[in-house]
Amino acid sequence: YNFTLFPLSSRFTIRIKNLKMEKLILGLDPGLAVLGFGLIKCLYNSKTEKIDSTSMVDFGVIKTTKKQGMGERLITIYEDLHTILNNFKPDLAATEKLFFYRMGNTILVAQARGILILVLAQNGIPLIEFTPAQIKQAITGYGNADKYDVQQAVARELNLEEIPKPDDAADALAVALTASWLN
């Protein structure tokens, strides 16, 4: 840190200049077959309380197969998510609010989401949620943006040469960026 000591009678006071605060944010795109994750690092300026820089740390997916029983699939998500949290130790997690569009799929996503919430709680990591429209609005400026527009914006904001793949990981990075701006 860049700091200056100022004597004050027999005691010292420290004035800190341009203190940068680092925050790791984990974005999650829940799913039973594919759960996307994206981790970003934000450097905040303590004086302005604004982000000075944002960078991508890692992204990927946790996959399960239909050949596995439901319990095995949930254990895979549970264990792999614990591994991610232990490796990176994020300060905050964010996910998309559950969206009801096909009842069968929604129930499967809800089960995976329950594991996600459990693992985050076990690790003491706060979770915030956003609607799909909030994420699209934050990332592109348009609440009804299509998937490709969101992915392009993610690549641009994180200075990536190409759109992150698979889509679930790109979506998770979009959630993490939203959390960095709206939290």
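Residues numbered from 1 in each chain as written. Predicted model: local features only at pLDDT ≥ 70, side-chain atom pairs only at ≥ 80, totals over all residues. Heavy atoms only, no water.

### A few points about the overall build of the protein chain
For the protein chain, the count of helices and strands is 5 helices and 7 strands. For the protein chain, the succession of helices and strands along the chain, N to C, is β-β-β-β-β-α-β-α-β-α-α-α. Among the 183 residues that make up the protein chain, the fraction classed as buried is 38%. Across the protein chain, contacts joining residues at least 24 apart in sequence account for 58% of those joining residues at least 6 apart. For the protein chain, the exposed surface amounts to about 10500 Å²; the carbon and sulfur share of it is 53%. (Helix = DSSP H or I, 4+ residues; strand = E, 2+ residues; numbered from the N terminus. Buried < 20%, exposed > 50% of the residue type's maximum accessible area, 1.4 Å probe, protein only. Contact = heavy atoms within 4.5 Å. Areas by Shrake-Rupley, 256 points an atom, 1.4 Å probe, with all protein chains shown as cover.)

### Points about helix 4 (residues 147-157)
For helix 4, the full list of buried residues reads Val150, Gln151, Ala153, Val154 and Ala155. In this structure, the buried side of helix 4 is in contact with helix 3 (132-140) and helix 5 (167-182). In the stretch just after helix 4, Asn159 is the one whose phi turns positive, near 55°.

### What to know about the pattern of salt bridges
Scanning the model with the defined rule gives 3 salt bridges in all. For Glu129, the salt bridge is made with Arg113, and the minimal N-O distance between the two is 1.8 Å. Highlighted residues: Glu129 in strand 7 (residues 127-130) and Arg113 in helix 2 (residues 103-122), separated in sequence by 16 residues. Lys147 serves as the salt-bridge partner of Asp171, at 2.7 Å between the closest nitrogen and oxygen. Note that Asp171 is positioned in helix 5 and Lys147 in helix 4, a separation of 24 residues in sequence. Look at Asp171 and you get buried, because its relative accessible area is 16%. (Salt bridge = Lys/Arg side-chain N within 4 Å of Asp/Glu carboxyl O.)

### A look at the pairing of strand 5 (residues 50-63)
Pairing analysis gives 12 bridges linking strand 4 (residues 34-45) to strand 5, with the strands arranged antiparallel. Opposite Leu43, over in strand 5, you have Ser53 as the bridge partner. Taking the residues that link successive antiparallel strands as the turn, the strand 4-strand 5 hairpin has 4 residues, and the phi of Glu49 there is positive, at about 55°. (Pairing = 2+ DSSP bridges.)

### Some points on the packing of helix 4 against helix 5
Look at helix 4 against helix 5: their axes get within 9 Å of each other, and the N-to-C directions meet at 65°. For helix 4 against helix 5, the interelement crossing comes out left-handed. In contact with Lys147, Val150, Gln151, Val154 and Glu157 of helix 4, helix 5 contributes Asp167, Ala170, Asp171, Leu173, Ala174, Leu177 and Trp181. In the contact of helix 4 with helix 5, the residues fall into 7 nonpolar, 1 polar and 4 charged. (Axes fitted to C-alpha atoms, helices over the stretch in contact; angles between N-to-C directions. Left-handed = near helix turned anticlockwise from the far one by under 90°. Nonpolar A, V, L, I, M, F, W, Y, C, P; charged D, E, K, R; others polar.)

### A closer look at the side chain of Asp29
Examined against the element boundaries, Asp29 turns out to sit in strand 3 (residues 20-29). For the buried Asp29, no salt bridge is present, and the opposite-charge side chain at shortest range is Lys147, 5.9 Å distant. Dropping the residues within four chain positions of it, Asp29 is found in contact with Val34, Leu35, Gly36, Asp168, Asp171 and Ala172. (Lys, Arg positive; Asp, Glu negative; His and termini not counted.)

### As for the confidence of the model for the protein chain
The predicted model of the protein chain has a mean per-residue pLDDT of 87, with 86% of residues at 70 or higher. Within the protein chain, strand 1 (residues 2-8) has the poorest average pLDDT of any element, 45, and helix 1 (residues 70-88) the best, 97. Note on residues 1-16: pLDDT under 50 across the span, and 21 contacts to partners over four residues away in sequence or across chains. (pLDDT = per-residue confidence, 0-100.)

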